[in-house]
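An overview of the molecular structure
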Amino acid sequence: MKAAKILTVVLALVMAGMATSASAHGPRVRLGVNIGGPVWGAGWGPGWYSPYYSPYYYPPQVIVVPPPQPQVYIEQAQEPAPTAGQQYWYFCKSAQGYYPYVKECPDGWQKVLPQPEK
């Protein structure tokens, strides 16, 4: 009866150790049973490890940061510059020229909308 109680306590401790080691980032408790005698020789033998060094390797976490999206520029249509009023060129039909190249016009000046050169 005494052996059954001891076995139950040992199994409970082993199961408790297995339950806490399932957490990826939580505290780790390891219980183990070593069968055999001490090994004498240089260095640590198989199955022996320092309590400060874990024989289990956990690779470093990989953090993936997506590259920033390129900036988008939206070109806006330029509005024409506001003018004080419609500006005209003045044409003299008899002299076949525009003011200020023709200084006087006997027939009178004609208002003409400006047109760019072609």
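Throughout what follows, the structure given in this document is the object of discussion. Here the residue numbers are simple positions, counted from 1 along each chain's written sequence. Where totals are concerned, whole chains, interfaces and linings use all residues; where local detail is concerned, this predicted model gives features only for residues with pLDDT of at least 70, and gives and counts side-chain atom pairs only at 80 or more. Hydrogen atoms and water are omitted, and side-chain values are computed over all heavy atoms in the structure.

With that out of the way, let us pick up the overall build of the protein. We count a stretch as a helix when DSSP gives it H or I for four or more residues in a row; a strand needs E for two or more, and each element gets its number in order from the N terminus. In terms of helices and strands, the protein carries one helix and three strands. Helices and strands in the protein line up, N terminus first, as α-β-β-β. Here a residue-residue contact requires only that any non-hydrogen atoms of the pair lie within 4.5 Å. Of all intrachain contacts in the protein linking residues separated by at least 6 positions in sequence, the fraction that spans at least 24 positions is 23%. Surface exposure of the protein reaches about 12100 Å², of which carbon and sulfur atoms provide 62%. To measure how exposed things are, a 1.4 Å probe is used in the Shrake-Rupley method; for residues, cover is taken only from the protein chains shown.

Between any two strands, pairing holds if DSSP finds at least two bridges. Judged by pairing direction, the sheet is antiparallel, and its three strands sit side by side in the order 2-1-3 without closing on themselves. Edge positions in the open sheet fall to strand 2 (97-98) and strand 3 (109-112), since each of these has one partner strand only. Relative to strand 2, strand 1 (residues 89-92) is paired through two bridges, and the arrangement is antiparallel. Counterpart to cysteine 92 in the pairing with strand 2 is glycine 97.

Only residues whose relative accessible area exceeds 30% and that take part in no salt bridge are eligible for patches, with like-charged residues grouped when within 9 Å of each other and nonpolar side chains (Val, Leu, Ile, Met, Phe, Trp, Tyr) grouped when within 5 Å. Any Lys or Arg side-chain nitrogen located within 4 Å of an Asp or Glu carboxyl oxygen qualifies as a salt bridge. Where nonpolar side chains cluster on the molecular surface, the patch consists of Tyr88, Tyr90, Tyr99, Trp109 and Leu113 and spans about 490 Å² of accessible area. Considering the arrangement of structural elements, one finds leucine 113 in the segment after strand 3.

We call Phe, Tyr and Trp rings a pair once their centres come within 6.5 Å, taking the six-membered ring for Trp, and we label the pair stacked below 30 degrees between planes, edge-to-face above 60, and tilted otherwise. Tallied over the full model, the rule gives three aromatic pairs. When the centroid spacing of 5.8 Å and the interplanar angle of 80° are considered together, the rings of tyrosine 99 and tryptophan 109 count as edge-to-face. One end of the pair, tyrosine 99, is in the loop between strand 2 and strand 3; the other, tryptophan 109, is in strand 3, with 10 residues separating them in the sequence. A simple rule labels every residue: compare its accessible area, found with a 1.4 Å probe on the protein chains alone, to the largest value its type can have, and call it buried under 20%, exposed over 50%, or partly exposed in between. In this structure tyrosine 99 comes out as partly exposed when scored by relative accessible area, which is 47%. On the basis of relative accessible area, tryptophan 109 is assigned to the partly exposed category, the value being 34%. Taken together through their ring pairs, the aromatic side chains of Trp89, Phe91 and Tyr98 make up a single cluster.

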